[in-house]
Amino acid sequence: MQVTAAVVAPVKPATLFARIDRLDDYPRWLDIVQRVEGTEPHPDDEGPAWIVDLGSRVGPLQRSKRLRMVRTVCHDPVEVRFERREHDGRDHSPWVLSANIDPWGPQGSCLAMELSYGGSMFGPVLERLLQREIDAGRPRLLAWLTAEEDTDQRM
């Protein structure tokens, strides 16, 4: 499964990048990301690591998933990538979240994100759920970015 989304934000690429290059703030604007906690990197990790709790209600059922995600690419201010990296000796379905930022006009940015999941669990239900969460998260992300930008400019 692969879900893509894009949003144009009225902030410079460097400002946008500083808000998405770590997973800590994703629960602010993406409801499916219920909790994020930094964790010690493993010697094989390429960058910082987080424990991420994903969850949502699908009809009467509450679904949740815990992932250990590692930042594997960090090219400030244009690209960041997070990949699932479990170190428990078991096979796990891959999860990859990539984000690319391009300038958009003199003061804006275009953020393109892609989430891919290599497992077979959930199927089209997960894809619809993610699309719904992305659509709901866009305005929250923009509100948070512009509020932070206003605060930064007043200082």
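Everything quoted here is computed from the prediction, not taken from an experiment.

Peer 1: For this particular structure, what's the right way to read the environment of Asp-53?
Peer 2: Position of Asp-53 relative to the elements: it lies in strand E3 (residues 49-58). Distance from Asp-53 to Glu-37, taken between C-alpha atoms, is 8.8 Å for residues 16 residues apart in sequence. When sequence neighbours within four positions are dropped, the list of residues in contact with Asp-53 reads Ile-32, Val-33, Gln-34, Arg-35, Lys-65 and Arg-66. Among the polar contacts made by the side chain of Asp-53, one reaches the side chain of Arg-66 at a distance of 2.6 Å.

Peer 1: Would you mind going over the pairing of strand E5 (residues 79-84) with me for this structure?
Peer 2: Moving residue by residue along a regular strand, the side chains alternate between the two faces of the sheet. In this structure, strand E4 (residues 61-75) lies alongside E5, joined through 6 bridges in antiparallel fashion. The residue of E5 that forms the bridge with Val-73 is Arg-81. Hairpin connection between E4 and E5: a loop of 3 residues separates the two successive antiparallel strands. Two elements, E5 and strand E6 (residues 95-104), share 5 bridges in a ladder whose sense is antiparallel. Paired with Phe-82 across the bridge in E6 is Leu-97.

Peer 1: Got a minute to help me understand the pattern of salt bridges in this structure?
Peer 2: Where side chains of opposite charge bring their charged atoms close, a pairing between them can arise. Using the criterion set out here, one finds 14 salt bridges in the structure. A salt bridge links Asp-31 to Arg-140; its shortest N-O distance comes to 3.5 Å. Here Asp-31, found in the loop between helix H2 (26-29) and strand E2 (33-39), pairs with Arg-140, found in helix H3 (residues 124-154); they are 109 residues apart in sequence, far enough to count as distant. Residue classification places Asp-31 among the partly exposed residues on the basis of a relative accessible area of 46%. Its salt-bridge partner being Asp-135, residue Arg-138 comes within 2.9 Å of it at the nearest N-O pair. With Arg-138 and Asp-135 both in helix H3 and 3 residues apart, this pair spans about one turn of that helix.

Peer 1: Is there a simple way to think about the side chain of Asp-45 in this case?
Peer 2: Mapped onto the elements, Asp-45 comes out in the loop between E2 and E3. At a separation of 2.6 Å, a polar atom in the side chain of Asp-45 contacts the side chain of Arg-68. Once you skip the residues sitting within four places of it in the chain, Asp-45 turns out to touch Arg-68, Val-70, Arg-85 and His-87.

What counts as what
- Residues numbered from 1 in each chain as written.
- Predicted model: local features only at pLDDT ≥ 70, side-chain atom pairs only at ≥ 80, totals over all residues.
- Heavy atoms only, no water.
- Helix = DSSP H or I, 4+ residues; strand = E, 2+ residues; numbered from the N terminus.
- Contact = heavy atoms within 4.5 Å.
- Polar contact = N/O pair within 3.5 Å; in protein donor to acceptor, adjacent residues only side chain to side chain.
- Pairing = 2+ DSSP bridges.
- Salt bridge = Lys/Arg side-chain N within 4 Å of Asp/Glu carboxyl O.
- Buried < 20%, exposed > 50% of the residue type's maximum accessible area, 1.4 Å probe, protein only.

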